[in-house]
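Listed here are the chains, written in short residue letters.
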Amino acid sequence: NSPLTWTSTVAGTYYLHYTTSCAPACGQAASCGTSTITFVSSGGGSSGPVNDLCSGATPLIVNSNCITTSYSMDPSYTNSGVPDPACLASGSNTVVEDAWYSFSANNTTTTIEVANSNRRMAFAVYSGSCGSLSIVDCQDAITGQGTETSTIATVVGQTYYVRIIRTNGDGL
């Protein structure tokens, strides 16, 4: 038993061709053994930043003062695969990249404000868990510089997820 180890240099799907010979009587159950192939990933499992997926959401601090958390969506972000929220402007607006943040509500209402500097952005707020999200609100009105704001009813102690979305409706 010798492990085969290699380091992938690019993200994507890899295929392993595996063959064994049970000569001279291959095909007879008593002659052939069983092999197990196990794939182990060491690393993040995603080529993007940790908060590229809901499960790696960056925690936000919530209190009565406005605490700004800067974000940037460089090309290493991808579409996390969560279905596009219905609020995205009609036409060709679909999710190109998204980044995930989370917060634990400490009041019965929470205001979320997302400032955009140069691209068409949207954001959605979800409750539930990463494998079973329910949309609470979504905003997609600003096409360039501006601020999107949402005030939602929240349950104290419940975790909510904020998905910052770059769409393709701006042609970028």
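All residue numbers refer to position in the chain's written sequence, counted from 1. Given that the model is predicted, a residue must reach a pLDDT of at least 70 before its local features are reported, and side-chain atom pairs must reach 80 or more before they are shown or counted; all residues, however, enter totals for whole chains, interfaces and linings. Excluded from the side-chain calculations are hydrogens and water; all other atoms, namely the structure's heavy atoms, are used.

1. Side note on the confidence of the model for the protein
Applicable threshold: How sure the predictor is of each residue is captured by pLDDT, a score from 0 to 100. Contacts are residue-level and defined by heavy atoms, with any inter-residue pair within 4.5 Å sufficient.
Of the residues in the protein, 60% reach a pLDDT of 70 or more, and the chain-wide mean stands at 73. Within the model, the stretch residues 8-22 combines pLDDT values under 50 with 11 contacts to residues more than four positions away or in other chains. In this model residues 29-46 is a low-confidence stretch, pLDDT under 50, and it forms 12 contacts with partners more than four residues away in sequence or in other chains.

2. Comments concerning the pattern of salt bridges
The cut-off we apply is this: Counted as salt bridges are all cases of a side-chain nitrogen of Lys or Arg within 4 Å of a carboxyl oxygen of Asp or Glu. Only DSSP runs of H or I with at least four residues qualify as helices, and only runs of E with at least two residues qualify as strands; both kinds are numbered from the N terminus onward. In this scheme, a residue with accessible area under 20% of its type's maximum is buried, one over 50% is exposed, and one in between is partly exposed, where area comes from a 1.4 Å probe on protein chains only.
A full pass over the atoms with the stated rule returns two salt bridges. Measuring nitrogen to oxygen at the nearest pair gives 3.2 Å for the salt bridge that ties Arg166 to Glu97. Residue Arg166 is located in strand β7 (residues 159-167), and its partner Glu97 is located in strand β2 (residues 95-104); the two are separated by 69 residues in the primary sequence. The same class applies to Arg166 as to Glu97, namely buried. Across the pair Arg163 and Asp98 runs a salt bridge whose closest N-O atoms are separated by 2.8 Å. Taken together, the residues span a long stretch of sequence, with Arg163 in strand β7 and Asp98 in strand β2 at a distance of 65 residues. Residue class for Arg163 comes out buried when judged on its relative accessible area of 0%. By relative accessible area, which is 0% here, Asp98 ends up buried.

3. Description of the sheet that holds strand β5 (residues 132-139)
Our working rule: Strand pairing is assigned whenever DSSP detects at least two bridges linking the two strands.
Reading across the sheet, the five strands line up as β1-β2-β7-β4-β5 and stay open at both edges, with mixed pairing between neighbours. Every interior strand has two partners, whereas the edge strands, β1 (58-59) and β5, have only one. As paired elements, strand β4 (residues 121-129) and β5 share seven bridges and run antiparallel to each other. By the bridge assignment for β5, Ser129 is matched with Ser132.

4. Some words on the state of the cysteines
As a reminder, the rule being used: A pair of cysteine sulfur atoms is labelled a disulfide when the two atoms are within 2.5 Å.
Within the structure shown, the criterion is met by two disulfides. Paired by a disulfide, Cys54 and Cys130 hold their sulfur atoms 2.1 Å apart. Here the disulfide of Cys54 and Cys130 is left-handed, its torsion about the S-S bond being about -75°. Highlighted residues: Cys54 in the segment before β1 and Cys130 in the loop between β4 and β5, separated in sequence by 76 residues. On the accessibility criterion, Cys130 (30% relative accessible area) is partly exposed. With its sulfur 1.7 Å from that of its partner, Cys87 forms a disulfide with Cys138. With Cys87 in the loop between β1 and β2 and Cys138 in strand β5, this pair connects stretches of sequence that are 51 residues apart.

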